[in-house]
Amino acid sequence: MRLARAGAVHTRNTEGIAVSDSAFEEVGRNGVFLDGYNKGDVITRNRFSRSGASDVQVVGSRNAVRDPSTWSSMVNPPTDLSPGPKSEDYPRDITVSYNSMADMGRFEKQSAGVNICMSSRVTVSHNTVHGSPRSGVNVNDGTWGGHLIEYNDVFDCVKETSDHGPVNAWGRDRYWPIAGPNLNPDAGSDAYQRQLSQLDVVQPITISNNRIWHNSEWAVDLDDGSTRPTPTRAGSTSRSTGSSGRPSMPTAAAAGTSRRSTPSVA
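Here is a short report on the structure shown in this document. What you see is a predicted model; the values in this text were computed from it and never measured. (Residues numbered from 1 in each chain as written. Predicted model: local features only at pLDDT ≥ 70, side-chain atom pairs only at ≥ 80, totals over all residues. Heavy atoms only, no water.)

### Overview of the packing of aromatic side chains
So, step 1. Counting across every chain of the model gives two aromatic pairs.
So, step 2. Taken together, a centroid distance of 4.6 Å and an interplanar angle of 10° make the contact between F24 and F48 stacked. You can see F24 sitting in strand β4 (residues 23–25) and its partner F48 sitting in strand β8 (residues 47–49), a full 24 residues away along the chain.
So, step 3. Across the ring face of Y90, the terminal group of R92 is positioned such that the distance to the ring centre comes to 4.0 Å. (Phe/Tyr/Trp six-rings, centres within 6.5 Å; stacked < 30°, edge-to-face > 60°. Helix = DSSP H or I, 4+ residues; strand = E, 2+ residues; numbered from the N terminus. Lys NZ or Arg CZ within 6 Å of the ring centre and 35° of its normal.)

Below you can see the structure in the form of structure tokens.
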């Protein structure tokens, strides 16, 4: 996805800063953009209303990614098989919590309340997100995992498309170019795919204890090669096409804990 690296608050090379107790009203672009190396920053207790793009962007540098995969190059097998990031130019240990995010994406429709891209260990918790043309919380790629998405209210999203989820994840990591012979006649075996699938997502992504409502078939959308997401106690409400109009409440069984382990890649 393409995006403008700009925002009402734009940070690079920061550690331990806080953006808190502020109102972002009808900003023409992103609200807060954490760009490249940022560590331990906190975005909390803010109100975002009618942002032109996304409310919070947490996005690293493409230069930190080994063999970055895009739509145009996704059938090219990876050449760098080292796990994790290539440089330190990415956000890590970021917290986005207790924010109100409403009606974002007035101009840039590929937007979200919180978008995570080329980052590690981002916690998105206790936020209320609604009124998005696309997802409320989006994980753009698997690099480098360790994210925790929990205790959020996400509803009234995906208002302008139908091919998305209120909580959405994409992949296109290094293993994705060898997805299979339909894309690449020289694709390796399933075992080889599994071996490569954790090169970028070096820690699992946990989606836990969120309340999600979506007027379609799914509430959590794991798409395009999403790797190592772990939904635990993921209560959601979605209305399926052709139903009687009464929402159902599927709940995933508990699977482990929502706490993250000590990171192995910094």
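### A few points about the pattern of salt bridges
So, step 1. Taken as a whole and judged by the stated rule, the model has 13 salt bridges.
So, step 2. Between R50 and E26 there is a salt bridge whose closest N-O contact spans 3.6 Å. Here the residue R50 occupies a position in the loop between β8 and β9 (56–59), and E26 occupies one in the loop between β4 and β5 (32–35), the gap between them amounting to 24 residues.
So, step 3. According to the relative accessible area criterion, R50 is partly exposed, its value standing at 36%.
So, step 4. A single network of salt bridges, built from pairs that share partners, joins R5, R12, D35 and D89. (Salt bridge = Lys/Arg side-chain N within 4 Å of Asp/Glu carboxyl O. Buried < 20%, exposed > 50% of the residue type's maximum accessible area, 1.4 Å probe, protein only.)

### Quick notes on unusual backbone geometry
So, step 1. A cis amide bond, omega 0°, links T143 with the succeeding residue W144.
So, step 2. One can find W144 in the loop between β15 (137–139) and β16 (148–150).
So, step 3. Of note in the backbone geometry, R50 takes a positive phi value of approximately 60° without being a glycine.
So, step 4. Here N209, not a glycine, exhibits a phi torsion of approximately 55°, which is positive.
So, step 5. Note on placement: N209 falls in the loop between β19 (205–208) and β20 (211–214).

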